[in-house]
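A closer look at the structure
What follows is the residue order along each chain.
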Amino acid sequence: MSATPSFTPVLAPGAPERMAVIDLNAVRHNVRHLKTEIGERTLIAVVKADAYGHGAIEVGRAALEAGADMLGVAHIREGLSLRRAGIDAPLLAWMHTLNSDFSRALTGNIELGVSGWDLDAVAETAQKVGTRAVVHIKVDTGLGRNGCTLADLPALLHRAREYEEQNLVTVRGVFTHLAVADEPARTETLTQLEAFNAAVNHVRQAGLNPELFHIANTPGTLMHGQEAIPEELLGNAVRVGLGVYGLSPISSHDPEDFELQPVMTFQTFINSVKEVPAGQGVSYGLNYRTETPTTLALVPVGYADGVPRVASNAPVRIYPAGAQAQTYQVVGRIAMDQMVIDLGKPGLSDPEFGYLGAPVVLFGNGENPSVTEWAEAAGTINYEIVTRISSRVDRVFIDESTSTSES
Ligand SMILES: *Cc1c(COP(=O)(O)O)cnc(C)c1O
């Protein structure tokens with residue numbers, strides 16, 4: 001069991017005003033740990049949506065260094081941007097539209113998840129480009145989103161086999177996505193696994209011989225071997241996103257319960273500290289009023305930075321130079337660019353306490369508030385909290401050498 005590293009606020013003069021500090025060592029730790037969890041299986045690290053807001057190029061590289069076998073993205077464009085950055089590992093993209101650029105995907109050597117019409121579009125493009133497309137057939141085993149239904153599967157497989165014979169397509173994988181793996185008590189996961197097994201039989205009967213069978217996302221991967229996900233039904237590859245970022249897919253469990261380390265710390269600096277009387281209203285709507293004379297501290301981030309406006313009462317931790325670090329709750333409405341903390345007593349604007357300029361952490365590892373606490377305050381899931389952090393916030397990458405680099 002590895003200890004969660006204690007948090008050191010980034011104090012360097014000239015540090016970005018608002019930053020999502022991305023610990024690439026934690027990415028590597030998480031990937032190595034996930035590899036031990038899955039044994040011989042292939043690890044597809046999912047870095048869609050700019051690696052859930054963490055920076056797809058940097059995280060993708062770190063994940064590959066730590067042993068991920070392949071990267072997964074939703075959009076072909078996301079895959080192409082990884083290729084432009086020089087990442088030449090196997091890449092899989094699975095969310096296409098009629099306007100997707102299959103031609104660039106094929107010349108960029110991006111493997112494609114296909115569910116129906118897209119198989120034909122990809123085969124047609126392969127013919128034009130004069131190459132062979134590598135596809136993974138996506139089966140809807142119960143989630144009801146994209147993926148081929150079991151009823152439509154025989155026809156799709158028949159076409160896939162024809163395209164293989166014409167040297168236009170290689171079916172490298174078959175996959176599905178789980179609906180309720182984050183709720184281990186539910187029985188639908190086992191139903192999905194059994195449906196997938198039936199789909200795989202159809203695949204073999206159609207004369208196809210794919211190499212990869214992937215089902216599990218992060219919760220499925222962390223829960224495998226338990227009743228809901230028997231080992232023998234897990235396939236020989238997994239697609240893991242959230243776990244790479246060190247977050248727990250199950251709200252009743254901390255990342256540490258799964259030996260994962262949170263990767264993102266969202267930090268800025270207090271930019272105003274002032275004394276106010278009792279009865280002072282705070283922020284739009286004046287929904288909060290101070291009960292006694294007190295000190296207010298301003299945190300210069302808001303919903304334009306991706307902080308959810310509905311998360312009033314969410315926690316932040318302040319690290320003043322001349323007083324104890326402490327966790328507070330946001331008071332009043334979160335605005336576009338700012339939110340307010342009531343420090344709870346008067347007199348704290350005195351420079352000796354060092355609140356002006358103090359690092360303030362919305363969420364991160366160690367004793368900082370967690371992403372999950374922010375998710376609960378916002379009525380959402382931890383996935384959304386990190387993914388929505390906007391481009392106004394600098395990503396600062398911490399690497400093995402502990403030197404930092406910005407982008
Ligand atoms: C996003 C996504 C994943 C990763 O899910 P996590 O729960 O973050 O591990 C896996 N597969 C598909 C198809 C996805 O869209």
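Rules of the game
- Residues numbered from 1 in each chain as written.
- Predicted model: local features only at pLDDT ≥ 70, side-chain atom pairs only at ≥ 80, totals over all residues.
- Heavy atoms only, no water.
- 1 Å grid on protein atoms, 1.4 Å probe; cavity = no way out; pocket = protein on both sides within 12 Å on 5 of 7 lines; lining within 4 Å.
- Points joined across faces, edges and corners; volume = space filled by probe spheres on them.
- Helix = DSSP H or I, 4+ residues; strand = E, 2+ residues; numbered from the N terminus.
- Nonpolar A, V, L, I, M, F, W, Y, C, P; charged D, E, K, R; others polar.
- Domains from an automatic or database assignment.
- Buried < 20%, exposed > 50% of the residue type's maximum accessible area, 1.4 Å probe, protein only.
- Arc of directions from axis to C-beta.
- Contact = heavy atoms within 4.5 Å.
- Buried area = accessible area lost by both parts, 1.4 Å probe.
- Salt bridge = Lys/Arg side-chain N within 4 Å of Asp/Glu carboxyl O.

**Focus: the layout of surface pockets**
Approximately 830 Å³ is the volume attributed to the largest pocket. If you trace the largest pocket, you find 38 residues lining it, with Lys48, Tyr52, His177, Ile381 and Tyr383 closest to the centre. For the lining of the largest pocket, the secondary structure elements donating two or more residues are helix H2 (48-52), helix H9 (218-223), strand E9 (237-240), helix H10 (371-378) and helix H11 (382-387). The element that contributes the greatest number of residues to the lining of the largest pocket is H11, accounting for four residues. For the lining of the largest pocket, the per-class residue count stands at 20 nonpolar, eleven polar and seven charged. Both domains that furnish three or more residues to the lining of the largest pocket are identified here as domain 1 (24-247) and domain 2 (264-406).

**Structural notes on H10**
Turning to H10, its buried residues number three or more, namely Val371, Trp374, Ala375 and Ala378. One face of H10 carries all of its buried residues, which in axial projection span an arc of 100 degrees. Packed against the buried residues of H10 are strand E15 (315-318), strand E16 (326-331), strand E17 (339-342), strand E18 (359-363) and H11. Just beyond H10, the residue with positive phi is Gly379, at close to 65 degrees.

**Some remarks on the domain arrangement of the protein chain**
Structurally, the protein chain comprises domain 1 (24-247) and domain 2 (264-406). In this structure, domain 1 and domain 2 have C-alpha centres spaced 38 Å apart. If you look at the interface, domain 1 gives 13 residues, while domain 2 gives eleven residues. In total, domain 1 and domain 2 occlude about 1200 Å² of area from one another, counting both sides; carbon and sulfur atoms represent 58% of this. In this assembly, domain 1 and domain 2 are joined by one salt bridge. With a shortest N-O distance of 2.9 Å, Asp399 and Arg28 are connected by a salt bridge.

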